[in-house]
Amino acid sequence: MSSIKTIDIFRKNLLALLKQDEHSSMRNLSTSIGASDSYVQKIINSDANPSLDKIDSISEFFDVNSWEMFYDAENDENDNLAIIQLLNRMPSAMLPVVKHYIEYLLQELPPEDKS
């Protein structure tokens, strides 16, 4: 399996989001997040790396969570994103219960399946 840099995943997802949204352009995204007209183009071309606040602004522009910008759907199983999204929406008080249940499930797996 090839190793993909996190920033490359971000770039790929950014480009995909731009292609999905017919009303978005690199220039209008750049302007919307308070950057120069060519800022997004520079990110996509690997001439610039976004700061954390720009990543948050880009995520808000597309109405996605910041972590989703780094999710590598091509190299992950389909159900994983849905599970992550459900966990993200879950009330924080429920997370210890979920953690306990996952630990229980892992204990039940044969040793070769725990990777």
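Here the residue index of a chain counts from 1 through its sequence in written order. Reporting in this predicted model follows two pLDDT cut-offs: at least 70 for local features of residues, and 80 or more for side-chain atom pairs to be given and counted; totals over whole chains, interfaces and linings ignore these cut-offs and use all residues. Each side-chain value is worked out from all heavy atoms of the structure, with water and hydrogens disregarded.

Asks: Would you mind going over the nonpolar core with me for this structure?
Replies: As a rule of thumb, nonpolar side chains are buried together in soluble globular proteins. As used here, the term nonpolar core means buried Ala, Val, Leu, Ile, Met, Phe, Trp, Tyr and Cys residues forming a set that is joined through side-chain atoms within 4.5 Å. Exposed residues in this analysis have more than 50% of their type's maximum accessible area, buried residues have under 20%, and partly exposed residues fall in between, with area computed by a 1.4 Å probe over protein chains only. One finds Phe10, Leu14, Leu18, Leu29, Ile43, Ile58 and Phe62 to be the most contacted residues of the largest nonpolar core, which totals 16 residues. For this core, the elements supplying multiple residues, two or more each, are helix H1 (6-20), helix H3 (39-44) and helix H4 (52-62). Every residue pair with non-hydrogen atoms within 4.5 Å of one another is taken to be in contact. Other than its neighbours up to four places away in sequence, leucine 29 contacts Leu14, Leu18, Val40, Ile58, Phe61 and Phe62. For helices the rule is a DSSP run of H or I covering at least 4 residues; for strands it is a run of E covering at least 2, with both sets numbered from the N terminus onward.

Asks: Could you clarify how one ought to interpret H1 in this entry?
Replies: Because an α-helix completes one turn every 3.6 residues, residues spaced three or four positions apart along the sequence face the same direction. If you check H1, its first and last C-alpha atoms are 21 Å apart, about what 15 residues at 1.5 Å a residue would give, namely 21 Å. For H1, every residue scored as buried is listed here: Ile9, Phe10, Arg11, Asn13, Leu14, Leu17 and Leu18. Packed against the buried residues of H1 are helix H2 (26-32), H3 and H4. Here the expected span of a helix is defined as 1.5 Å times the quantity of residues minus one.

Asks: I tried to follow a nonpolar patch on the surface on my own but got confused; where do I start?
Replies: Residues qualify for a patch when their relative accessible area is over 30% and they have no salt bridge, like charges being joined within 9 Å and the nonpolar side chains of Val, Leu, Ile, Met, Phe, Trp and Tyr within 5 Å. Each accessible area is a Shrake-Rupley estimate made with a 1.4 Å probe; only the visible protein chains count as cover when residues are assessed. The salt bridge definition used is simple: a Lys or Arg side-chain nitrogen within 4 Å of an Asp or Glu carboxyl oxygen. On the surface, Tyr101, Tyr104 and Leu105 cluster together into a nonpolar patch covering about 320 Å² of accessible area. Along the polypeptide, tyrosine 101 turns up in helix H6 (residues 95-108).

Asks: What is the right way to read the pattern of salt bridges from this model?
Replies: A side chain with one charge can pair with a side chain of the opposite charge if their charged atoms come near. Taken as a whole and judged by the stated rule, the model has four salt bridges. Among the salt bridges present, the one from arginine 11 reaches aspartate 8, with a minimum N-O distance of 3.4 Å. Within this pair, arginine 11 and its partner aspartate 8 are both found in helix H1, separated by three residues, close to a single helical turn. For aspartate 8, a relative accessible area of 33% translates into the label partly exposed. Between lysine 99 and glutamate 103 there is a salt bridge whose closest N-O contact spans 3.1 Å.

Asks: Explanation requested: the environment of asparagine 13 in the structure shown.
Replies: Its place among the elements puts asparagine 13 in helix H1. Assessed through its relative accessible area of 14%, asparagine 13 is described here as buried. Excluding its chain neighbours within four sequence positions, the residues that come into contact with asparagine 13 are Glu68, Met69, Phe70 and Tyr71.

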